[in-house]
Amino acid sequence: MYVDVHCHLGYPPLNAQLDSVVEKARKAGLGMVITAGTNPKANDDVLSIAARYPDIVKASLGLYPLDALGFDEPEAPRKRDPFDVDAEISRMASLADKCVAIGEVGMDFKFAKEPPLIAKQKEIFGKIIEMAEAVKKPMIVHTRNAELEVVEMLETTSNKAIVLHCFMGRKSLIRRASDNGWCFSVPSVIKRLQHFQVLSGMVPIEQLLTETDAPWLSPVVGQINEPSTVVVGVEEIAKVKRVEPSVVKDIIWKNAQRLFG
Ligand SMILES: [Zn+2]
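Residues numbered from 1 in each chain as written. Predicted model: local features only at pLDDT ≥ 70, side-chain atom pairs only at ≥ 80, totals over all residues. Heavy atoms only, no water.

## Focus: helix 8 (residues 194-202)
All of the buried residues along helix 8 are F196, L199 and S200. Take helix 8 and look down its axis: the buried residues cluster within an arc of 100°, on one side only. On its buried face, helix 8 is in contact with helix 7 (171-179), strand 7 (183-187), strand 8 (208-211) and helix 9 (230-241). (Buried < 20%, exposed > 50% of the residue type's maximum accessible area, 1.4 Å probe, protein only. Helix = DSSP H or I, 4+ residues; strand = E, 2+ residues; numbered from the N terminus. Arc of directions from axis to C-beta. Contact = heavy atoms within 4.5 Å.)

## Comments concerning the pattern of salt bridges
Opposite charge on two side chains lets them pair, provided their charged atoms get close. Counting across every chain of the model gives 17 salt bridges. Here D86 makes a salt bridge to K127, at a shortest N to O gap of 2.9 Å. Here D86, found in helix 4 (residues 85-94), pairs with K127, found in helix 5 (residues 115-135); they are 41 residues apart in sequence, far enough to count as distant. Here K127 falls in the partly exposed class, since its relative accessible area comes to 30%. Between E123 and K127 there is a salt bridge whose closest N-O contact spans 3.4 Å. Of the two residues, E123 and K127 are both situated in helix 5; the distance of four residues between them amounts to about one turn of the helix. Take E123: its relative accessible area is 39%, and that puts it in the partly exposed class. Each of D67, E73, R80, D108 and R144 takes part in salt bridges that share partners, so that together they form one network. (Salt bridge = Lys/Arg side-chain N within 4 Å of Asp/Glu carboxyl O.)

## Here we look at the coordination of the zinc ion
Distances from the zinc ion to its protein donors, namely H6 (NE2), H8 (NE2), E104 (OE) and D213 (OD), fall within the range 2.1 to 2.2 Å. Overall, the relative accessible area of 0% leaves H6 in the buried class. (Donors = N, O, S within 2.8 Å, 3.2 Å for Na, K, Ca; no water.)

## Here we look at the state of the cysteines
Taken as a whole and assessed by the stated rule, the structure comprises zero disulfides. Summary of cysteine pairing: C183 is not part of a disulfide, and the nearest cysteine sulfur, belonging to C166, is at 15 Å. Assessed through its relative accessible area of 4%, C183 is described here as buried. (Disulfide = S-S within 2.5 Å.)

## What about the pairing of strand 8?
Neither face of strand 8 is exposed, since L208 and T210 on one face and L209 and E211 on the opposite face are all buried. As paired strands, strand 7 and strand 8 are joined by four bridges and run parallel to one another. In the sheet register, F184 faces strand 8, and the bridge partner there is L208. Chirality of the crossover, the property in question, places the unit of strand 7, helix 8 and strand 8 among those that are right-handed. (Pairing = 2+ DSSP bridges. Right-handed = clockwise from strand over helix to strand, strands pointing away.)

The following block contains the structure:
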């Protein structure tokens, strides 16, 4: 079976056509779709979507770093309302038996790069790392322009179930994270981003997973992405690894089972 370990079914336009998106995923041969939360409201949505399709959709509860800061990106303006971050981290811990992972969490220094904002992100991410370790859940980690700092912080936890999602770090950091035994989820956009072809070549196949980050990062420019496009990711990884796509599919499915049960 195929697996999408990271997407956002609760975001428009996917949330308005969930039945058809999930049906398309089933028809494409997916056995598991992990949908990720980014703030309290999104976490509620994730739980209700997972409850609606329990055979295939699994919940991942998260706090996107910019949501946790209440920081509005200049590039893609979306209003982020402030909320009680500590209370949400506690709530996520209390809901741990309803989710398969903690994510999307991490740090993002692209726009939130002033020293106080970096310090605040480190403080929040540190608390989340501790919480995930305490509830014994894998973490699905976002990092943008903060790759070294994220790797350094993750090296402080005894939690070995780490998934770096869409990791854009340089080769030395890919190697370092790979040597730590962490997993990388490769997005379907590998089709047109050479970076992920290089990454897939460097990391042992036992540490690779597939994801879409749908509705974003479609392998086809201008299209809305969906979990069903993980098939493209598997094909591309197979080319890099010079093995049959069916072999890649089976190994990645086993990797996902090992991590998320
Ligand atoms: Zn995401």
